[in-house]
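Architecture and fold: a report
The lines below spell out each chain.
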Amino acid sequence: METFFVFALNGLSYGLLLFMLSSGLTLIFSMMGVLNFAHTSFYMLGAYFAYALTGSIGFFPALIVAPLLVGALGAAFERYSVRKVHPYGHVPELLVTFGLSYVVLEVVRLIWGPANVDYRVPEALDGALFTLANIQGQGLSWFAGAGDAAICAAAGNSCTQFPMYRGFMALVALAMLVALWLLLTRTRIGLIIQAALTHPEMTQSLGHNVPRVMMGVFGGGCALAGLAGVIGGNAFVTEPNMAASVGAIIFVVVVVGGMGSLAGAFLASILIGLIQTFAVVIDVSVVSVMAQLGSPVSFEHWAYPILKISVSQMAPILPYLLLVLILIFRP
């Protein structure tokens, strides 16, 4: 039971990280109609910028500075590249953002090298946030502080620790979600952004610079990706292929959640985070289930090589199967 709770919390924290990354892409697409193929490249830049800044100013200042730098680069890219091809339709936008992803990849390799860098979790956030213990005769309990080691060392107790940094990731993602919702629904800036989306000519005639608003939206979406890179780069790995490793799953999140829907992206991120976290530990296949039911599948059966595949072996492709189901039944 304690393992289930910890895996659920890990899945939620991973899902919230996916939402932090996908929210910027969803924001850009919903506001501008631009499907930014280079979005995960800004995620990678956030991780590398934080790695470079942590050594001089520390992790927590880098948590603020790195996303701002990434957002500034994103705004400049929209101003001098995307804006020029936007009148020509989606294909030129896809091509120019796809090209940017290759440029960013090569620049990162030139500056930081082809191997992963030593970007670590800060010492202040290293260690366990709490420990869940299945104590005999008492059921499930949680402990924090110095008593953890003694509790977990007790004979017959099963204990699982939840990392402090995972909790920090979830806290930052939730704070970002609340701040984004308040910005878009409770502020004048959010009102102008929504007006520029639905009635750009009227917004322009009222004295608002619509191109500048769009530039800010694109830069803000890139800054969100950079923020995800800052807190995700040290939790996983910071290396030149990190953008490609999350690129496909982010587009799965956006499509499953509904193109342009922040609420849908949030639900899809949580769902995919839980699926991927739990699937890797479920060592169950059709063959094992049939054997437990008393109807074993023969080794000579024509479908045996497929039926013996376990859920854990299928874990990497489960989000894509979900994507296919969504496109079939609820496009």
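Residues numbered from 1 in each chain as written. Predicted model: local features only at pLDDT ≥ 70, side-chain atom pairs only at ≥ 80, totals over all residues. Heavy atoms only, no water.

1. Description of the environment of Gly 233
Looking at where Gly 233 falls in the secondary structure, it is placed in helix H9 (residues 210–233). C-alpha separation for the pair Gly 233 and Pro 67, spaced 166 residues apart in sequence, amounts to 13 Å. With near-sequence residues (within four places) excluded, Gly 233 lies in contact with Ala 47, Tyr 119, Ala 228, Thr 238 and Met 242. (Helix = DSSP H or I, 4+ residues; strand = E, 2+ residues; numbered from the N terminus. Contact = heavy atoms within 4.5 Å.)

2. Side note on the pattern of salt bridges
As enumerated under the stated definition, the model contains three salt bridges in all. Here Arg 120 and Asp 118 are joined by a salt bridge, their closest N and O atoms 2.7 Å apart. (Salt bridge = Lys/Arg side-chain N within 4 Å of Asp/Glu carboxyl O.)

3. Observations regarding the environment of Val 252
Take Val 252: it is sitting in helix H10 (residues 242–257). Relative accessible area serves as the criterion here: at 2%, Val 252 is assigned to the buried category. Residues Val 252 and Leu 323, spaced 71 residues apart in sequence, show a C-alpha to C-alpha distance of 6.1 Å. Contact partners of Val 252, with chain neighbours within four places excluded, come to Ile 272, Pro 319, Tyr 320 and Leu 323. (Buried < 20%, exposed > 50% of the residue type's maximum accessible area, 1.4 Å probe, protein only.)

4. Remarks on helix H7 (residues 188–198)
All of the buried residues in H7 are Gly 190, Ile 192, Ile 193 and Ala 196. The arc that holds the buried residues of H7, viewed along the axis, is 160 degrees, so those residues lie on one side. What points out from H7, more than 90 degrees from its buried face, is the exposed set Arg 188, Leu 191 and Thr 198. (Arc of directions from axis to C-beta.)

5. Some points on the layout of surface pockets
Taken as a whole, the largest pocket holds about 300 Å³ of empty space. Looking at the lining of the largest pocket, the elements that each hand over two or more residues are helix H2 (39–57), helix H4 (90–112) and H10. No other element matches H10, which puts six residues into the lining of the largest pocket. Residues that form the lining of the largest pocket fall into these classes: 11 nonpolar, six polar and no charged. Each pocket or cavity is described by its volume, and for the second largest pocket that value is around 250 Å³. Lining the second largest pocket are 13 residues, and of these Tyr 14, Tyr 43, Phe 236, Ser 245 and Val 246 sit closest to its centre. Elements supplying a minimum of two residues to the lining of the second largest pocket: helix H1 (2–32) and H10. In terms of residue class, the lining of the second largest pocket is made up of 11 nonpolar, two polar and no charged. (1 Å grid on protein atoms, 1.4 Å probe; cavity = no way out; pocket = protein on both sides within 12 Å on 5 of 7 lines; lining within 4 Å. Points joined across faces, edges and corners; volume = space filled by probe spheres on them. Nonpolar A, V, L, I, M, F, W, Y, C, P; charged D, E, K, R; others polar.)

6. With respect to H4
In a regular helix each residue adds 1.5 Å, so 23 residues correspond to 33 Å; H4 covers 33 Å between its end C-alpha atoms and thus fits that length. Within H4, burial applies to Glu 93, Thr 97, Leu 100, Ser 101, Val 104, Leu 105 and Val 108. Looking at the buried residues of H4, the elements they touch are H2 and helix H3 (59–85). In the stretch just after H4, Gly 113 is the one whose phi turns positive, near 90 degrees. (Expected span 1.5 Å × (residues − 1).)

7. Overview of the packing of aromatic side chains
Per the counting criterion, the structure on display carries 13 aromatic pairs. Ring geometry for Phe 7 versus Phe 278: centroids 6.3 Å apart, planes at 35 degrees, classification tilted. Of this pair, Phe 7 sits in helix H1 while Phe 278 sits in helix H11 (residues 262–279), placing them 271 residues apart in sequence. Taking NZ or CZ as reference, Arg 79 lies 5.0 Å from the ring centre of Tyr 80, over its face. (Phe/Tyr/Trp six-rings, centres within 6.5 Å; stacked < 30°, edge-to-face > 60°. Lys NZ or Arg CZ within 6 Å of the ring centre and 35° of its normal.)

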